[in-house]
Amino acid sequence: MPADHDRVLIVWEVAVRATHHFLSEHEIEALRPLVRQACFEGMPLFGVRDSEGEVIAFSGVDAPKLEALFVHPDWCGKGLGRLLVEHAIREQDVCLVDVNEQNPAAVEFYLHLGFEVAHRSDVDGFGKPYPLLHLKLPDQTI
């Protein structure tokens, strides 16, 4: 999917701008190269394309954890996120995911799919003051 890297980064950015209102412009800019590195070098990506072949949603997995799930805002609510999560659970043995507590729609989404809160961190993976909820599927220990 290297030919799609620019498009994947666009999907990430527009999705973050639509859902991560707690991030400043500076923080989004600072995250872009980290996301590029993590997504394009650190994990396999799985995508959904529209009828013209453009990536409109993607996930990244580092089993047993879903590390990334982003859906272009124009395509939210159409089942693409569910499709990608169910694929990750079924095909990549995913049973864990972290979600920003300040993104209530994402929290609700994962809880609706059967994840439950295992514990909470006051900071994100970069040590920033953005609390994370660490979710797991029932019957999984972490």
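All values reported here derive from a predicted model rather than from experimental measurement.

Chemist: Summarise the pairing of strand S1 (residues 45–49); cite the residues concerned and give the values.
Modeler: As a general feature of sheets, a regular strand has side chains that alternate between the two faces. Note that S1 and strand S2 (residues 55–62) share 5 bridges and pair antiparallel. Paired with Val 48 across the two strands is Ala 57, which belongs to S2. What sits between S1 and S2 in their antiparallel hairpin is a turn of 5 residues, with Gly 53 showing a positive phi close to 90 degrees.

Chemist: Could you give an account of helix H3 (residues 80–92), naming the residues involved and the relevant values?
Modeler: Compared with an ideal rise of 1.5 Å per residue, which puts 13 residues at 18 Å, H3 spans 17 Å between its outermost C-alpha atoms and is within 8% of the ideal. Every buried residue belonging to H3 is among Leu 80, Gly 81, Leu 84, Val 85, Ala 88 and Gln 92, and all of these are buried. The buried residues of H3 occupy an angular sector of 135 degrees when the element is viewed end-on, so they sit on one face. Looking at the residues trailing H3, positive phi occurs at Asp 93, about 60 degrees.

Chemist: Residue-level account of the nonpolar core, with values.
Modeler: Membership of the largest hydrophobic core comes to 24 residues, with the highest contact counts inside it found for Leu 66, Val 85, Val 99, Tyr 110, Phe 115 and Leu 135. Contributions of two or more residues to this core are made by S2, strand S3 (65–71), H3, strand S4 (96–100), helix H4 (104–112) and strand S6 (132–136). When residues of this core are assigned to their parent elements, the largest contribution, 4 residues, is made by H3. Not counting residues up to four positions away in its chain, the partners in contact with Tyr 110 are Leu 66, Leu 69, Val 85, Val 97, Val 99, Phe 115 and Leu 135. In terms of nonpolar packing, the next biggest core, distinct from the first, is built from 20 residues, Val 8, Val 11, Leu 31 and Met 43 among them.

Chemist: Provide a residue-level description of the sheet that holds S1, including the pertinent values.
Modeler: Pairing within the open sheet is mixed, and its 6 strands lie in the order S1-S2-S3-S4-S6-S5. The sheet terminates laterally at S1 and strand S5 (116–121), the two strands that pair on one side only. Shown here is a sheet whose adjacent strand axes are inclined to one another by a mean of 25 degrees, direction ignored. Taken together, the 5 bridges between S4 and S6 define a ladder with antiparallel strand orientation. When the bridges of S6 are listed, Asp 98 appears paired with His 134. The sheet contacts of H4 involve S3, S4, S5 and S6, and relative to S4 the element is tilted by about 155 degrees.

Cut-offs and rules
Residues numbered from 1 in each chain as written. Predicted model: local features only at pLDDT ≥ 70, side-chain atom pairs only at ≥ 80, totals over all residues. Heavy atoms only, no water. Pairing = 2+ DSSP bridges. Helix = DSSP H or I, 4+ residues; strand = E, 2+ residues; numbered from the N terminus. Expected span 1.5 Å × (residues − 1). Buried < 20%, exposed > 50% of the residue type's maximum accessible area, 1.4 Å probe, protein only. Arc of directions from axis to C-beta. Core = buried A, V, L, I, M, F, W, Y, C linked by side-chain atoms within 4.5 Å. Contact = heavy atoms within 4.5 Å. Axes fitted to C-alpha atoms, helices over the stretch in contact; angles between N-to-C directions.

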